[in-house]
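Chain and residue survey
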Amino acid sequence: MDFDYSKILDNRSKEYFQEAVRCYENECYRAAMSTLYCVCMCDLVYKLIDIRDEHGFVPAEEILREIKNIQATDPHKEAWESQLLDLVKERTALTDEVTYEIILQIRQWRHLSAHPAMDDENKLVIPNKEKVAGYLIDTYERLLTKSPIYAKSRDLPGLIADVILERREELNDDKVFYAFLEKEYAISKLESKDILRIFQTFWKFELKMVDGREVELAREINARLLGYIYQTYTELLDTHFSEPQNHLSISRELWDEAHKLFVDYPKMYNFLADEDKILIRNKLKYRTESHLPFAWYLNGGDKVAHINELMNERNFCFNWFSAHYAHGFRDCYKRDGLEAYCDQYFITNFKNVHDFREAGNYYYNLLELFIDEWTLENCILFFTIVINNDQIYNYEKYEDMLTTVAKRALQLVSKEELLKRIPSEHVEFINHLQI
């Protein structure tokens, strides 16, 4: 049988389960059922111990204590097994109604398999191959790969939210954060249905807040959690949310948080319902928040098409104080070898600065940092742009700007060739540069 044993959370349970599978593969079906029942009982005990020791879960301690008392005092040594199943079902979420009934059935087959139970022909009762296979699969999917954290709460997303907020100061580093998620919740080993449920819950970008000042921090943690889940289950999430009936919605006031995720994981944008995409596009068209120009995923990830759209439809978008957004935007383009398109956009928008202060801040924060990577065409574009705005042309550092760009251009072409291509207003200045 084909099981991903790495998803079984406890190594001891993994070893015992593999033994049951080997019995099945060797057609020892009575041995398989006897071993499988032991696996179920042991796994429940291991998870109770884990949730008691790691999380101080009081019901787990109480169950284990009661079981130990029964084992010590009850002459019927099997009594603790029934009690364990019942207490786990009543006081925790480790088993639901279906799983509980399945384990009871496995126990019945264990009794028939381990004792000299005979049929009408005085032959030992043997479970058939299909039945054993079904019980193996059920045990794997419904118990062994289920995180013990469920023993604390049926509302796993709510529990994760509370714990993360309580320990947020420790979780600033992504590696620490991801290790915490794995240790506490075994995110990479959860069942698909639980991953989808958690992802949809946290998509709301709303964790439980102690007070209003924590909203921004909580949403940032929320987004990081979504990012980690997406990295871990990319194929599952892309497949599930590509279906129109599974599309997600998001509150308009949470667009900032969603945008940051879409920049890192552009396919997530396609998880949105069509009406949300329309609202976001309208916001991009009519508002000038600094992050909006970086929504290149709106054009299906076509960065060149997005740049052309921005240059044709948008006026000045970047304030000097939001330069870090622009740098991140350019990095996205540079990773695909498209930084020249991004530089063209930055240069084109330079013509829209409104005063000397803005001209300086725009140049030094958004242009000068990347001039050493400019193409000749973008250098020529710069010379053309700056003569059309008096706030640049009369800026005190105007000649310094021209000199820096000229030096870059002359790394790419001769002075004679450059003089042929620049506006006539700059010919004398460039001609007299001692470069």
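Just above sits the structure.
Here the residue numbers are simple positions, counted from 1 along each chain's written sequence. A pLDDT threshold of at least 70 governs which residues receive local features in this predicted model, and a stricter bar of 80 or more applies before side-chain atom pairs are shown or counted, although totals over entire chains, interfaces and linings include all residues. Note: side-chain values were computed over all heavy atoms of the structure, leaving out hydrogens and water.

The subject of this paragraph is the packing of aromatic side chains. Side-chain rings of Phe, Tyr and Trp, where Trp is taken by its six-membered ring, are said to pair if the distance between their centres is within 6.5 Å; with planes under 30 degrees apart they count as stacked, over 60 as edge-to-face, and otherwise as tilted. One pass over the full model with this rule turns up 30 aromatic pairs. Here the aromatic rings of Trp-374 and Phe-382 are separated by 5.8 Å at their centres, their planes lie at 50°, and the arrangement is tilted. Relative accessibility under 20% of the residue-type maximum defines a buried residue, over 50% an exposed one, and the middle range a partly exposed one, all with a 1.4 Å probe and only protein chains included. On the basis of relative accessibility, which here comes to 0%, the residue Phe-382 falls in the buried class. Within the aromatic cluster, the residues linked to one another by ring pairs are Phe-199, Trp-203, Tyr-230, Phe-241, Phe-262, Tyr-265, Tyr-269, Phe-271, Trp-296 and Tyr-297.

Before going further, it helps to spend a moment on the pattern of salt bridges. Any two side chains of opposite charge can pair, so long as their charged atoms come close to each other. Salt bridges are defined as contacts in which a side-chain nitrogen from Lys or Arg sits within 4 Å of a carboxyl oxygen from Asp or Glu. One pass over the structure, following the stated rule, counts 15 salt bridges. As a salt-bridge pair, Asp-43 and Lys-47 come within 2.9 Å of each other at their nearest N and O atoms. Of this pair, Asp-43 and Lys-47 both sit in helix α2 (residues 29-55), separated by four residues, roughly a single helical turn. Here Asp-43 matches Lys-47 in class, with each residue buried. Here a strand is any run of E in DSSP of at least two residues, a helix any run of H or I of at least four, and the numbering for each starts at the N terminus.

At a minimum axis distance of 11 Å, the contact between helix α16 (residues 339-350) and helix α17 (residues 356-367) shows a crossing angle of 175°. By the angle between their directions, the pair α16 and α17 is classed as roughly antiparallel. Listed contacts from α17 to Phe-346, Ile-347, Asn-349 and Phe-350 of α16 are Ala-359, Tyr-362, Tyr-363, Leu-366 and Leu-367. Along the lines of polarity and charge, the residues of the contact of α16 with α17 split into eight nonpolar, one polar and no charged. Only the stretch in contact is used when a helix axis is fitted, and all axes are lines through C-alpha atoms; the angle between N-to-C directions ranges over 0 to 180 degrees. Each angle is binned into one of four classes, with values under 35 degrees roughly parallel, values over 145 roughly antiparallel, values of 65 to 115 roughly perpendicular, and all other values oblique. Contacts are residue-level and defined by heavy atoms, with any inter-residue pair within 4.5 Å sufficient. Polarity classes work like this: nonpolar for Ala, Val, Leu, Ile, Met, Phe, Trp, Tyr, Cys and Pro, charged for Asp, Glu, Lys and Arg, and polar for all others, with Gly in that last group.

Looking now at the side chain of Thr-145. Locating Thr-145 in the fold gives a position in the loop between α6 (129-144) and α7 (156-166). Thr-145 gets classed as buried once you look at its relative accessible area, which sits at 4%. Side-chain atoms alone can form a polar contact between residues adjacent in sequence; in general such a contact is a pair of N or O atoms within 3.5 Å, and within protein one must be able to donate a hydrogen while the other accepts it. Among the polar contacts listed, one links the side chain of Thr-145 to the backbone oxygen of Tyr-140, at a separation of 2.8 Å. In terms of polar contacts, Thr-145 uses its side chain to reach the backbone carbonyl oxygen of Glu-141, at 3.4 Å. With residues up to four places along the chain from it excluded, the contact list for Thr-145 reads Lys-7, Ile-8, Leu-9, Tyr-140, Lys-189, Leu-190 and Glu-191.

Let us now look at the nonpolar core. To define a nonpolar core, start from buried Ala, Val, Leu, Ile, Met, Phe, Trp, Tyr and Cys residues and group those joined through side-chain atoms within 4.5 Å. Counting 85 residues, the largest nonpolar core has Phe-199, Leu-237, Phe-329, Phe-350 and Phe-382 as its most contacted members. One finds Ile-106, Trp-109, Ala-133 and Tyr-140 within the second-largest nonpolar core, a separate group that totals 43 residues.

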